[in-house]
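# A look at the structure
As a plain string of letters, each chain reads:
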Amino acid sequence: MSNDLLGSFQLGGLSGSFDTNTVIQQLMKIESMPLEKAQDEYKVLQNTQKAWDIIDDKLEEFYNYLNNFKLKSSFLKKNAMSSNEDIMKVSSNGNAGNSTFYVNVKQAATAGYIEGQSNIDDKSKTLADLGLTSGKFKIQMSGLNPDGSAKEAIEFDLSKYDADATIDSVLKNMSSKMPDANIIFEKDSSGSNFKAFVMNKNTGEENFTLTAVDADGGKFLGSILNNGTSLNANDTIDTTSSTANYKGILGKDAEIAIDLNGDGTEELTLNSSSNAVSFNGMTLNIQKESEATDWTKISVEDDVNATYDNIKEFTDKYNEVMKFLYDKLYTETEVQGKEEDKMTDEEKAKGVLKGDQNLRNIFEKLKSLRFGTIEDSSLAYNSFASVGITSGISSSLVESNLENARKGLISIDETKLKEALRTNSDAVFDLFNIINDDSKKSGIANQIKDYVWDTTKYKGFIDEINGLEGSLSKEMKGLSKRMLNLTRKINMKEAMYVRQFSAMEQAISKMQSQGNYLLSKMG
């Protein structure tokens, strides 16, 4: 150990040269061995924390996947078909039941608008040219926001615009500030003047109203919509009113007749403000209206291949996690031949959890869950094996299958699983993801998800090991105190050696002086 306070010195005499600095360094090297051992232990704990962080990240990624996999709309895939996609297109999710019915589109949803005659003959004219440099008006939609609150009126103040701005640029700017409407300004059929269309962006029976806040605002509305005839303050134009100069057209809701039996009789009527109509887990997308007596056949059936692919993805994800844990627990070794300060965190963490009992507990629990059963006799399938998901060990006792069994891997009998999906796809979903307050009656994938959550959550199994208050942190805090005490003792010991050797140097120097004096007297 070096000491900047102690310079090296040589003592001659009868004993020859004596390097006290080297002696102190050698003594301090011995004294420092407990500290170096503690520092090595601390590095191991740091790397162990990194290793658990990597485990936690992997399991959280798996949990996020399982959290989406549990949804029936994600798990089960359906084929939805329309016999006439010129009239209606259809899509569905896993919540849609298998069914066949017929639709007649009586009315497609339309958007309301106001069409007004303008007295402006050139859209490049400025507000100053048109005498429209001041005034206020507002637009109010009658509908509700998605959260159920009333839509707020949007007010425009012409004095906020540059007087040299063209009427075309002003209308485009106003249009960009209206979330539910836009303004189109184009020449009328005569080609001499312009028409303005204020159009609702939303379909359905939603009225909207333009109101002149003051007289100048009424002049502006009159110029673009009322053939130059000004509106008075508080006058309105809306989609339910019309005059010789403008007309309001109220939007319409969609109306669909449903025939459940195919006998041409309307058993059900659907109404919607949108042309995308939700019905029994499906979305019916209206393209145009039907002829009065024309019925379009809609059918929904299981997409066995797509659902199989979803389950195959689950087994792949599960196997990926199990291989990962197995490698960390049994086969991964520390990185060799590379300086630690040049290693990545992942490299530093390699091999540190090999044989770790806590990691083994996680691995064995996940391994056991895959072949658990659901304790519910009402279910058509209560184990993975019942739908063809196994380790493969029973079919052939070859080494590769034994190795897969040791790793906890699973494989699929495609024929058996697809047959189960064709027979009862809902029961296959329940096998994986049915939710019950009694965990033993929950779906197997849901049991795995819940265990992974308990393992990775705040104050869960890994957090108790690797969290801020976990066992590793507590051990590192204790080790930090120990290293601090050892450092103090080492510093004190070094200072003691410096004092002792300094005193020895002074004593030897005094003896040499006395010897030299005696020799001089004798000579």
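Please refer to the structure placed before this passage.
What counts, and at which threshold
Residues numbered from 1 in each chain as written. Predicted model: local features only at pLDDT ≥ 70, side-chain atom pairs only at ≥ 80, totals over all residues. Heavy atoms only, no water. Salt bridge = Lys/Arg side-chain N within 4 Å of Asp/Glu carboxyl O. Helix = DSSP H or I, 4+ residues; strand = E, 2+ residues; numbered from the N terminus. Buried < 20%, exposed > 50% of the residue type's maximum accessible area, 1.4 Å probe, protein only. Polar contact = N/O pair within 3.5 Å; in protein donor to acceptor, adjacent residues only side chain to side chain. Contact = heavy atoms within 4.5 Å. Pairing = 2+ DSSP bridges. Axes fitted to C-alpha atoms, helices over the stretch in contact; angles between N-to-C directions. Phe/Tyr/Trp six-rings, centres within 6.5 Å; stacked < 30°, edge-to-face > 60°. Lys NZ or Arg CZ within 6 Å of the ring centre and 35° of its normal.

Counted by the stated rule, this structure contains 18 salt bridges. Of the charged contacts, one joins aspartate 426 and lysine 72 as a salt bridge, the two residues approaching to 3.1 Å between their closest N and O atoms. Of this pair, aspartate 426 sits in helix α11 (residues 414–433) while lysine 72 sits in helix α3 (residues 72–75); the two residues are 354 residues apart in sequence, bridging distant segments of the chain. For aspartate 426, a relative accessible area of 36% translates into the label partly exposed. With a relative accessible area of 26%, lysine 72 lands in the partly exposed category. Between glutamate 414 and lysine 418 there is a salt bridge; the shortest N-O distance is 2.7 Å.

This next bit is on the side chain of asparagine 104. With respect to the helices and strands, the residue asparagine 104 is situated in strand β3 (residues 99–107). Using a relative accessible area of 4% as the deciding quantity, one classes asparagine 104 as buried. Reaching out from asparagine 104, the side chain makes a polar contact with the backbone oxygen of aspartate 294 at a distance of 2.6 Å. Residues within four places of asparagine 104 in sequence aside, it is in contact with Glu255, Ile256, Ala257, Ser290, Glu291, Ala292, Thr293, Asp294 and Trp295.

A word on the sheet that holds strand β6 (residues 154–157). With antiparallel pairing, 4 strands are arranged side by side in an open sheet as β6-β5-β9-β10. Whereas interior strands pair on both sides, the edge strands pair on one side only; in this sheet they are β6 and β10 (236–238). Across this sheet, the average inter-strand angle for adjacent strands is 15 degrees, counted without regard to direction. Sheet contacts for helix α6 (residues 215–225): β5 (136–141), β9 (208–212) and β10; angle to β9, the most-contacted strand, approximately 125 degrees.

Our focus in this paragraph is the packing of aromatic side chains. Tallying each qualifying case throughout the model produces 18 aromatic pairs. Relative to phenylalanine 69, the ring of tyrosine 65 lies with its centre 5.7 Å away and its plane at 20 degrees, an arrangement referred to as stacked. Pair noted here: tyrosine 65 and phenylalanine 69 are both in helix α2 (residues 33–69), with a separation of 4 residues, about one helical turn. Owing to a relative accessible area of 14%, tyrosine 65 belongs among the buried residues under this scheme. Geometrically, the ring pair formed by phenylalanine 101 and phenylalanine 279 is edge-to-face, given 5.3 Å between the ring centres and 75 degrees between the ring planes. You can see phenylalanine 101 sitting in strand β3 and its partner phenylalanine 279 sitting in strand β14 (residues 276–279), a full 178 residues away along the chain. The exposure class of phenylalanine 101 is buried, given its relative accessible area of 3%. Look at phenylalanine 279 and you get buried, because its relative accessible area is 10%. Taken together, Tyr65, Phe69, Phe75, Phe314, Tyr318, Phe384, Phe429 and Phe432 form an aromatic cluster joined through their ring pairs. Over the face of the ring belonging to tyrosine 65 we find lysine 317, whose NZ or CZ atom lies 5.6 Å from the ring centre. The ring of tyrosine 308 has lysine 418 lying over it, and the distance from NZ or CZ to the ring centre is 5.0 Å.

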